[in-house]
Amino acid sequence: MKINVEVDKNTDVAFVDICAPANQVRIDVVGVSEALELATPVFARLDENGVLLGLLIENYSEFRREVMRKYVALRVEGIIELLISKVKSVFADRKTEGRSL
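Parameters and conventions
Residues numbered from 1 in each chain as written. Predicted model: local features only at pLDDT ≥ 70, side-chain atom pairs only at ≥ 80, totals over all residues. Heavy atoms only, no water. Pairing = 2+ DSSP bridges. Helix = DSSP H or I, 4+ residues; strand = E, 2+ residues; numbered from the N terminus. Axes fitted to C-alpha atoms, helices over the stretch in contact; angles between N-to-C directions. Phe/Tyr/Trp six-rings, centres within 6.5 Å; stacked < 30°, edge-to-face > 60°. Buried < 20%, exposed > 50% of the residue type's maximum accessible area, 1.4 Å probe, protein only. Expected span 1.5 Å × (residues − 1). Arc of directions from axis to C-beta. Polar contact = N/O pair within 3.5 Å; in protein donor to acceptor, adjacent residues only side chain to side chain. Contact = heavy atoms within 4.5 Å.

### Examining the sheet that holds strand β5 (residues 52-57)
Inference 1: As summarised here, the arrangement of the five strands in space is β1-β2-β5-β4-β3, forming an open sheet in which the pairing is antiparallel. Of all the strands in the sheet, the pair left with one neighbour each is β1 (4-8) and β3 (27-31). The average angle at which neighbouring strand axes cross in this sheet is 20°, direction not considered.
Inference 2: As paired elements, β3 and strand β4 (residues 42-47) share five bridges and run antiparallel to each other. Among the inter-strand pairings, Ile-27 is bridged to a residue of β4, identified as Asp-47.

### Considering the packing of aromatic side chains
Inference 1: Per the stated rule, a full pass over the model turns up one aromatic pair.
Inference 2: Consider the rings of Tyr-60 and Phe-63, whose centres lie 5.8 Å apart with planes at 25°: the pair is stacked. Placement of both Tyr-60 and Phe-63 in helix α2 (residues 60-71) is noted, with a separation of three residues, approximately one turn of the helix.
Inference 3: When its relative accessible area of 0% is taken as the criterion, Phe-63 is described as buried.

### Some points on α2
Inference 1: Counted at 1.5 Å a residue, the expected span for α2 with its twelve residues is 16 Å, and the 16 Å between its end C-alpha atoms agrees.
Inference 2: When α2 is considered as a whole, its buried residues turn out to be Tyr-60, Phe-63, Glu-66 and Val-67. Along the axis of α2, the buried residues cluster in a sector spanning 115°; they form a single face.
Inference 3: Looking at the residues trailing α2, positive phi occurs at Val-72, about 45°.

### Thoughts on the pairing of β1
Sheet faces and side chains relate simply in a regular strand, where the side chains alternate between the two faces.
Inference 1: In this structure, β1 lies alongside strand β2 (residues 13-17), joined through five bridges in antiparallel fashion. Bridge pairing in β2 links Glu-6 to Phe-15.
Inference 2: From the end of β1 to the start of β2, which pair antiparallel, there are four residues, and Asp-12 there has a positive phi angle of about 60°.

### Notes on the side chain of Asp-47
Inference 1: Positionally, Asp-47 belongs in strand β4.
Inference 2: Overall, Asp-47 belongs to the buried group, its relative accessible area being 9%.
Inference 3: A distance of 2.8 Å separates a polar side-chain atom of Asp-47 from the backbone nitrogen of Asn-49.
Inference 4: Side-chain polar atoms of Asp-47 contact the backbone nitrogen of Val-51, separated by 2.9 Å.
Inference 5: Apart from residues no more than four positions distant in its own chain, Asp-47 is found in contact with Val-25, Arg-26 and Leu-53.

### Description of the environment of Val-7
Inference 1: For Val-7, the position within the fold is in strand β1.
Inference 2: We classify Val-7 as partly exposed; its relative accessible area is 33%.
Inference 3: Through-space distance from the C-alpha of Val-7 to that of Ile-57 is 9.1 Å; in sequence the pair is 50 residues apart.
Inference 4: Aside from chain neighbours lying at most four places away, what touches Val-7 is Val-13, Ala-14 and Tyr-60.

Here it is, written out as structure tokens:
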């Protein structure tokens with residue numbers, strides 16, 4: 001999985017791109033901080049079919065500190081990959097339970 005992380009230093013928001021959306025598709029943004037057990041705001045970007053396109057992470061500098069404390073890790077990119085896997089599993093569970101986003 002190729003992950004691209006871009007951080008806007010002016011707003012301290014990180015844009016994590018996993019894949020590009022198809023043309024003319026609706027994109028939903030859903031808060032996932034609670035599911036990830038994080039205090040910093042993290043949002044999943046999903047297409048209308050529930051495919052995870054990426055994450056938006058507000059207050060990225062605080063997010064880095066929080067996940068490094070929580071996961072005792074030095075490589076934030078690896079943690080982001082772990083969080084993406086967790087978000088995917090949350091939405092896969094919702095689909096199998098028949099709940100909509």
